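For reference, the chains in residue letters:
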Amino acid sequence: MTKGKTDLANALLEQHVKHELASLKGTKLRRFLATEVDELFDYAGSIALNRLISPEQVMGVIQRIVIDMELDAGIPEMAGEMATEVLNAPVQRTSRLKDIITREQATGFLEQALELRKQRERVISGIMAHPVYQELASNLVYQGVMNYLYEDNLVTKSVPGVGSMMKFGKRMANKAMPGLDESFERGFKTWLSDSLPGLIARSEQFLHRALTDDELRDSVMAAWVAVEDRTIEELHEGLGDEQLQGFVVLGYEFWLQFRKTAYFEGCARAVVEHLFAMYGDRPVIELLGEVGVDRNLVMAEVDALAVPVIDVLREEGYLEALIRRRLEPFYRSAAAKELLQQSN
């Protein structure tokens, strides 16, 4: 360009920059954003979800951001610190459990849980069949029988000296036959072990009959009434900062492993495919409506967040620099040079 053409191009650039900056301020900025939101919602009424994005593209985002992205080691430390701040916040001392979950909501959760009868029966059966429970039951029966024989039976309580005589006889027998106690214990526990399956089966049947919906409802609601007026601080009493941070770290480590499992990927894919099966061929506006997103909601967030952020970016000079980066190549281009020459 000649010097005259260059000066003209620079002058046009400066005026264009001023025009754009003026349009991104105050009422003009909000009017511009409102117009664009209206335009986008109009397009959302005619463009199908499948045209904007595919299930595989969504799964690609999940794969890159949720599954594969390396998370900095400082994240669990930060999460632990934040959890500690929450645990020690003043609101813990002033908020009661019923301020967070009402009795009606608790009742609703309980009624829904009571519908899961098969799951409840499986839990009871699983507990009864566990070796630890069987060992516990065996020891309880043994200790109960021994206590009854030597201390708690009717004869021992009613006739003075009988209990002492029985214990004395036990000691004398052990002196005469060392190891008698151990042999008796082994034999008795062997008998218990053989009898235990039947005992547990009857216990399981008893629990299924005893743990009726009404019994469970009464027990759970009685427990709820006992705690609903307690503050959150009282409920987590004994949970210190170190223990809380330990749980946070364990949860973080679980997430790092869980997100890479085939199970997580399968669940995510099922959700995405179902979403597209329902809304893929329908206008995007229908999906937005289902989740409660409309023009008023978007504009409320524009006023609360977008406008203040843009104001700061303009004050810091970012907007002007951005506009110049966008416009300068054109005003320095051959096309602009040719247009200016034609205007001569």
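Computed from a predicted structure; not experimentally measured. (Residues numbered from 1 in each chain as written. Predicted model: local features only at pLDDT ≥ 70, side-chain atom pairs only at ≥ 80, totals over all residues. Heavy atoms only, no water.)

## Side note on helix H14 (residues 213–227)
Inference 1: Here H14 is 15 residues long and its end C-alpha atoms lie 21 Å apart, about the 21 Å a rise of 1.5 Å per residue gives.
Inference 2: Of the residues making up H14, those classed as buried are Asp213, Leu216, Met221 and Trp224. Each buried residue of H14 lies within a common arc of 120° when the element is viewed along its axis, so the set occupies one face. Along H14, exposed side chains directed more than 90 degrees from the buried face belong to Asp214, Asp218 and Ala226.
Inference 3: Its buried side turned inward, H14 meets helix H7 (97–100), helix H8 (103–114) and helix H9 (117–129). (Helix = DSSP H or I, 4+ residues; strand = E, 2+ residues; numbered from the N terminus. Expected span 1.5 Å × (residues − 1). Buried < 20%, exposed > 50% of the residue type's maximum accessible area, 1.4 Å probe, protein only. Arc of directions from axis to C-beta. Contact = heavy atoms within 4.5 Å.)

## Section: the packing of aromatic side chains
Inference 1: For the structure on display, the rule yields 6 aromatic pairs.
Inference 2: A ring pair is formed by Trp255 and Phe258, whose centres lie 6.4 Å apart and whose planes are at 50°; its orientation type is tilted. On the criterion of helical spacing, the pair formed by Trp255 and Phe258 is a turn pair, its members being 3 residues apart in helix H16 (residues 241–258).
Inference 3: According to the relative accessible area criterion, Trp255 is partly exposed, its value standing at 30%.
Inference 4: Looking at Phe258, the relative accessible area reads 21%, which means it is partly exposed.
Inference 5: Three or more aromatic residues joined by ring pairs make a cluster, and in this case those are Phe254, Trp255, Phe258, Tyr263 and Phe264. (Phe/Tyr/Trp six-rings, centres within 6.5 Å; stacked < 30°, edge-to-face > 60°.)

## Some words on the nonpolar core
Inference 1: By size, the foremost hydrophobic cluster in this structure holds 17 residues, and its most contacted members are Val17, Leu29, Leu33, Ile323 and Leu327.
Inference 2: Among the secondary structure elements, those contributing two or more residues to this core are helix H1 (3–23), helix H2 (26–44), helix H19 (295–315) and helix H20 (318–331).
Inference 3: For this core, the leading source of residues is H2, giving 5 residues.
Inference 4: Not counting the four nearest positions on each side in its chain, Val17 is found in contact with Glu320, Ile323, Arg324 and Leu327.
Inference 5: Among the nonpolar cores identified, the runner-up in size contains 12 residues, and Ala44, Leu49, Met59 and Phe264 belong to it. (Core = buried A, V, L, I, M, F, W, Y, C linked by side-chain atoms within 4.5 Å.)

## Brief notes about the environment of Met59
Inference 1: Within the secondary structure layout, Met59 lies in helix H4 (residues 55–68).
Inference 2: Exposure remark for Met59: the relative accessible area of 6% places this residue in the buried category.
Inference 3: Taking the C-alpha atoms as reference points, Met59 and Glu265, 206 residues apart in sequence, are found 8.8 Å from one another.

## Examining the pattern of salt bridges
Inference 1: With the rule as written, the count across this model stands at 16 salt bridges.
Inference 2: Salt-bridge contacts for Arg103 lead to Glu228; the nearest nitrogen and oxygen are separated by 2.1 Å. Placement of the pair is Arg103 in helix H8 and Glu228 in the loop between H14 and helix H15 (232–235), with a sequence separation of 125 residues.
Inference 3: Judged by relative accessible area, which is 38%, Arg103 ranks as partly exposed.
Inference 4: Using a relative accessible area of 6% as the deciding quantity, one classes Glu228 as buried.
Inference 5: Across the salt bridge formed by Asp311 and Arg314, the nearest N and O atoms sit 3.0 Å from each other. Placement of both Asp311 and Arg314 in helix H19 is noted, with a separation of 3 residues, approximately one turn of the helix.
Inference 6: A relative accessible area of 21% places Asp311 in the partly exposed class.
Inference 7: Among the charged side chains, a network of salt bridges with common partners joins Glu56, Glu265, Arg269 and Glu273. (Salt bridge = Lys/Arg side-chain N within 4 Å of Asp/Glu carboxyl O.)

## With respect to a negative patch on the surface
Inference 1: On the surface, a cluster of negative charge is contributed by Glu77, Glu81, Glu85, Asp241 and Glu242.
Inference 2: In terms of residue count, the dominant contributor to the negative patch is helix H5 (residues 74–87) (3 residues).
Inference 3: By secondary structure assignment, the location of Glu85 is in helix H5. (Patch = residues over 30% accessible without salt bridge, like charges linked within 9 Å, V, L, I, M, F, W, Y side chains within 5 Å. Areas by Shrake-Rupley, 256 points an atom, 1.4 Å probe, with all protein chains shown as cover. Lys, Arg positive; Asp, Glu negative; His and termini not counted. Charge placed at Lys NZ, Arg CZ, Asp CG, Glu CD.)

## A closer look at the packing of H2 against H19
Inference 1: Between H2 and H19, whose axes approach to 10 Å, the crossing angle comes to 140°. With respect to H19, the axis of H2 lies oblique. Crossing handedness for the pair H2 and H19: right-handed. In this structure, H2 uses Leu29, Arg30, Leu33, Ala34, Val37, Asp38, Phe41 and Asp42 to contact H19, whose residues at the interface are Arg295, Val298, Met299, Val302, Asp303, Val307, Ile310 and Asp311. (Axes fitted to C-alpha atoms, helices over the stretch in contact; angles between N-to-C directions. Parallel < 35°, antiparallel > 145°, perpendicular 65-115°, else oblique. Left-handed = near helix turned anticlockwise from the far one by under 90°.)

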